[in-house]
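Take a look at the letters that make up each chain.
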Amino acid sequence: MNTIDATAADRLREALRGSVITPQDPGYDEARSIYNAMIDRRPAAFAQCVDVADVRATISFARDTGAELAVRGGGHSGPGLCLVDDGLVLDLTPMRWVRVDPEADTAQVGGGSLLGDLDHATHAFGRAVPAGIVSTTGVSGLTLGGGHGYLSRRYGLTIDSLLSADVVLADGSYVAASPESHPDLFWALRGGGGNFGVVTSFTFRLHPAATVGVGVTVWPVERTPEVLRWYREFLPAAPDELFGFFALLVVPPGPPFPEPIHGQKVCGVVWCYTGDLSDERLTEVFSGVNDPAPPAFHFATPMPYPALQTMFDGLLPKGLQWYWRGDFFATISDAAIEVHHKYGENLPTGLSTMHLYPVDGAAHQADPDGTAWAYRDAVWSGIVAGIDPDPADAEAIKKWCVDYWTDLHPQSMGGSYVNFLGPGESPDRVRTTYRGHYDRLAAVKRAYDPDNLFHANQNIPPAAG
């Protein structure tokens, strides 16, 4: 691996309209800070690209110099794959823009945009894209991994709304990928991660989602078995308009939760409803929350969709210690419920959590081989996340996460949402995550990145031959 000396950095500066930041420059530490503060890497340079020409020049520089290359979109990568020690970071952060076409009902989104940028622009037209639950997440990384969120049971995965993508390839060339142009690349981009090129913009189909019904229900953590047995039957049978992710958590000290339950360990469901928002209908939709056990707290109210998307932003700001692992689940078995109960009662910190996100409904209606996402038969996408602001707790949250995941994994489908793969996992987890799609992805990789320039990711090496 070649490092980037001052002369090379100056040459890169001359080639870009955007800035080049090196360790000697003001703002270097800010540039290398990402969402997960457990990651502490020191790149040799950041190329802050403002347009496609900058992206092409940066890729050419990396290829010509042999510099190790990573690509940063929103900086939300749990394992910190958007940074590389002593190498070059192609930073899309300046490319934060969204253009809505209300007549076509589409939005074109710059590669450095965050979900909050997308939600802000589309909400003005009463529209949204099914994507995520935290507005500071990057559009690029979430989409390339497949993407799921509050609207996924109603409108499918994020990639199911992707119409086209503008991509700079490893040889520096530019292509527009769609079902009609470079269809094999377009197939791979929808779930295959950042293996195939740098996406400078995405074009999405929009969906109606101005105001949604938001609900939060929590029960004492000792009620986890009863609640999960109810939830595993209730939600898959519910209409696609109703989404609810299950969580184990410590009640945060603030609204909407009443003070008497602050700091208590609970299990709960966060709801999003996209149907009739009349008081009578909301009451009817959530009438079943009393069935497993009396909730410690429940509320439901209409809310602008962007307000729901930002609901956890203050609780989970940039700069916390994170360690996570994930898996797909076809069902929530009795054995899995025992594991959830055990680790829920032993949450190690006030922010550590476990979520089960539904990925059924409309997500099941897509062609199982139509995108790189290989788990169209999964009902839940689960994540175990150890989280805390104090670096002194890093080992404790890591141990809790790994132990929890290890005990739970035998009840899973084997693979994971690629964006939930954590650090330190075995290389075969990537293959397992793509199932029978892996060999096709490796063939597309060979066609578009035969030298594996883009390997700072959940990597799929090019197929041989």
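Anything mentioned here points back to the structure above.
Description of the structure in this document. In this text the structure is predicted, and so the values were computed from the model without any measurement. (Residues numbered from 1 in each chain as written. Predicted model: local features only at pLDDT ≥ 70, side-chain atom pairs only at ≥ 80, totals over all residues. Heavy atoms only, no water.)

Concerning the overall build of the protein chain
Note the following rule: For helices the rule is a DSSP run of H or I covering at least 4 residues; for strands it is a run of E covering at least 2, with both sets numbered from the N terminus onward. Atoms counted for the radius of gyration: C-alpha only. Globule rule: 2.2 Å times the number of residues to the power 0.38. Only protein chains enter the accessibility calculation, which uses a 1.4 Å probe. A residue is then buried if its area is under 20% of the maximum for its type, exposed if over 50%, and partly exposed in between. Here, Shrake-Rupley sampling with a 1.4 Å probe gives the accessible areas, and only protein chains in the shown set may cover a residue. Charge counting treats Lys and Arg as positive and Asp and Glu as negative, with His and both chain ends excluded. Working definition for charges: the position is that of NZ of Lys, CZ of Arg, CG of Asp or CD of Glu.
Looking only at helices and strands, one finds 14 helices and 18 strands in the protein chain. For 465 residues, the compact-globule estimate of 2.2 N^0.38 gives 23 Å, and the C-alpha radius of gyration of the protein chain, at 22 Å, lies within 12% of that figure. Here the protein chain holds 465 residues, and the buried ones make up 59% of them. Accessible area for the protein chain stands at about 17300 Å²; split by element, carbon and sulfur atoms hold 51% of it. In the protein chain, which carries 33 positive and 55 negative side-chain charges, the distance between the mean positions of the two groups comes to 3 Å.

A word on the sheet that holds strand 10 (residues 198-205)
Counted only if it meets this: Pairing between strands is defined by DSSP: at least two bridges between the two strands are required. Only C-alpha atoms enter the line fits that serve as axes; for helices the fit covers just the stretch in contact. Angles between N-to-C directions range over 0 to 180 degrees. Whether two residues touch is decided by their heavy atoms; if any such pair falls within 4.5 Å, the residues are in contact.
Taken in spatial order, the five strands of this open sheet run 5-6-10-8-9, and their pairing is antiparallel. A single partner strand is all that each edge strand has here, and the edge strands are strand 5 (98-101) and strand 9 (174-177). Across this sheet, the average inter-strand angle for adjacent strands is 15 degrees, counted without regard to direction. Relative to strand 10, strand 8 (residues 162-168) runs antiparallel, the two being bridged by six bridges. By the bridge assignment, Leu162 is partnered in strand 10 with Phe204. Taken strand by strand, helix 4 (residues 115-123) contacts strand 5 and strand 6 (106-110), and its axis lies near 30 degrees from that of strand 5.

Brief notes about the packing of helix 11 (residues 334-344) against helix 12 (residues 394-408)
The condition is simple: An angle below 35 degrees is read as roughly parallel, one above 145 as roughly antiparallel, one from 65 to 115 as roughly perpendicular, and any other as oblique. Note on convention: near helix rotated counterclockwise from far helix by under a right angle means a left-handed crossing. Clockwise means right-handed. Residues are grouped as follows: Ala, Val, Leu, Ile, Met, Phe, Trp, Tyr, Cys and Pro are nonpolar; Asp, Glu, Lys and Arg are charged; every other residue, Gly included, is polar.
For the pair helix 11 and helix 12, the least separation of the axes is 9 Å and the interaxial angle reads 165 degrees. One element, helix 11, and the other, helix 12, form an angle in the roughly antiparallel class. At the point where helix 11 passes helix 12, the crossing takes the right-handed sense. Where helix 11 approaches helix 12, its residues Ala336, Val339, His340, Lys342 and Tyr343 are matched on the opposing element by Trp400, Asp403, Tyr404, Asp407 and Leu408. Residues belonging to the contact of helix 11 with helix 12 are distributed by class as follows: six nonpolar, one polar and three charged.

A look at the pattern of salt bridges
Put simply, the rule reads: Just to be clear on terms, a salt bridge is a Lys or Arg side-chain nitrogen sitting within 4 Å of an Asp or Glu carboxyl oxygen.
By the definition in use, this model includes 21 salt bridges. Across the pair Arg32 and Asp29 runs a salt bridge whose closest N-O atoms are separated by 3.0 Å. On the basis of relative accessible area, Arg32 is assigned to the buried category, the value being 15%. Salt-bridge contacts for Asp117 lead to Arg96; the nearest nitrogen and oxygen are separated by 2.8 Å. Highlighted residues: Asp117 in helix 4 and Arg96 in the loop between strand 4 (88-91) and strand 5, separated in sequence by 21 residues. One network of salt bridges, with partners in common, ties together Asp10, Arg13 and Asp25.

Describing the sheet that holds strand 3 (residues 69-72)
One open sheet accounts for four strands, arranged 1-2-4-3; its pairing is mixed. Each end of this open sheet is capped by a strand with a single partner; those strands are strand 1 (20-21) and strand 3. Across four bridges, strand 3 lies against strand 4 in parallel orientation. The residue of strand 4 that forms the bridge with Arg72 is Asp91. Against the sheet, helix 3 (residues 52-65) engages strand 2 (45-48), strand 3 and strand 4, with an angle of about 165 degrees to strand 4.

A few points about the packing of helix 1 (residues 6-15) against helix 3
The geometry of helix 1 relative to helix 3 is characterised by a closest axis approach of 10 Å and an angle of 155 degrees between their N-to-C directions. Relative to helix 3, the element helix 1 lies roughly antiparallel. Classified by chirality, the crossing of helix 3 by helix 1 is right-handed. Each of Ala8, Arg11, Leu12 and Ala15 in helix 1 lies in contact with helix 3, whose residues at this interface are Asp54, Ala57, Thr58, Phe61 and Thr65. Here the residues of the contact of helix 1 with helix 3 are counted per class, giving five nonpolar, two polar and two charged.

A word on unusual backbone geometry
Of all residues except glycine, most have a negative phi; of all peptide bonds, most are trans. Of note, the bond from Pro255 into Pro256 is cis; its omega dihedral lies within 30 degrees of zero at 10 degrees. Along the chain, the position of Pro256 falls in the loop between strand 13 (242-250) and strand 14 (265-273). For Asn452, which is not glycine, the phi torsion reads 60 degrees and is therefore positive. Tracing the chain through its elements places Asn452 in the segment after helix 14 (438-448). Overall, Asn452 belongs to the buried group, its relative accessible area being 15%.

With respect to the nonpolar core
The tendency in soluble globular proteins is for nonpolar side chains to be buried as a group. Cut-off, in case you're wondering: Residues grouped as a nonpolar core are buried Ala, Val, Leu, Ile, Met, Phe, Trp, Tyr and Cys residues, joined through side-chain atoms within 4.5 Å.
One finds Tyr150, Val167, Leu185, Leu189 and Phe245 to be the most contacted residues of the largest nonpolar core, which totals 85 residues. The contact partners of Phe245, leaving out residues within four places of it in the chain, are Ile133, Tyr150, Tyr231, Gly268, Val269, Val270, Phe312, His355, Leu356, Tyr357 and Pro358. Core analysis: the next-biggest nonpolar cluster, separate from the first, contains 38 residues, Val227, Val285, Val289 and Met354 among them.

Remarks on helix 12
How we decide: For a helix, the expected span equals 1.5 Å multiplied by the number of residues minus one. The directions from the helix axis to the C-beta atoms are what the arc is built from.
Its 15 residues place the ends of helix 12 21 Å apart at the C-alpha level, agreeing with the 21 Å of an ideal helix rising 1.5 Å per residue. Three or more residues of helix 12 are buried, namely Ala394, Ile397, Trp400, Cys401, Tyr404, Trp405 and Leu408. Buried residues of helix 12, viewed axially, fall in a sector of 140 degrees; they line one side. Opposite the buried face of helix 12, by more than 90 degrees, sit the exposed residues Glu395 and Lys399. Buried residues belonging to helix 12 abut strand 13, strand 16 (321-329), helix 11, strand 17 (353-358), strand 18 (380-388) and helix 13 (428-434).

Here we look at the side chain of Asp327
Using the following cut-off: Counting of polar contacts relies on pairs of N or O atoms within 3.5 Å, with two restrictions inside protein: one atom must be capable of donating a hydrogen and the other of accepting it, and residues adjacent in sequence are counted only when both atoms are side-chain atoms.
The residue Asp327 is located in strand 16 in this model. Engagement of the side chain of Asp327 in a polar contact is seen with the side chain of Trp405, the distance being 2.8 Å. A polar atom in the side chain of Asp327 sits 2.8 Å from the side chain of His409. Non-local contacts of Asp327, meaning those with residues more than four positions away in its chain, are made with Trp380, Ser381, Gly382, Trp405, His409, Ser412, Gly414, Gly415, Ser416 and Arg429.

Some details on the packing of aromatic side chains
Aromatic ring pairs are described here by two measures, namely the spacing of the ring centres and the angle between the planes. Spelled out, the test is: Classification of ring pairs rests on two measures: the distance between centres of Phe, Tyr or Trp rings, Trp counted by its six-membered ring, which must be within 6.5 Å, and the angle between planes, read as stacked under 30 degrees, edge-to-face over 60 and tilted in between.
Enumeration over the complete set of coordinates arrives at 25 aromatic pairs. Relative to Tyr375, the ring of Phe328 lies with its centre 4.6 Å away and its plane at 25 degrees, an arrangement referred to as stacked. With Phe328 in strand 16 and Tyr375 in the loop between strand 17 and strand 18, the pair connects residues that are 47 residues apart, well separated along the chain. Phe328 sits in the buried class, given a relative accessible area of 2%. Here the aromatic rings of Trp373 and Tyr417 are separated by 5.6 Å at their centres, their planes lie at 50 degrees, and the arrangement is tilted. Taken together, the residues Trp373 in the loop between strand 17 and strand 18 and Tyr417 in the loop between helix 12 and helix 13 connect sequence positions 44 residues apart. Taken individually, Trp373 and Tyr417 each receive the classification buried, so the pair is uniform in this respect.

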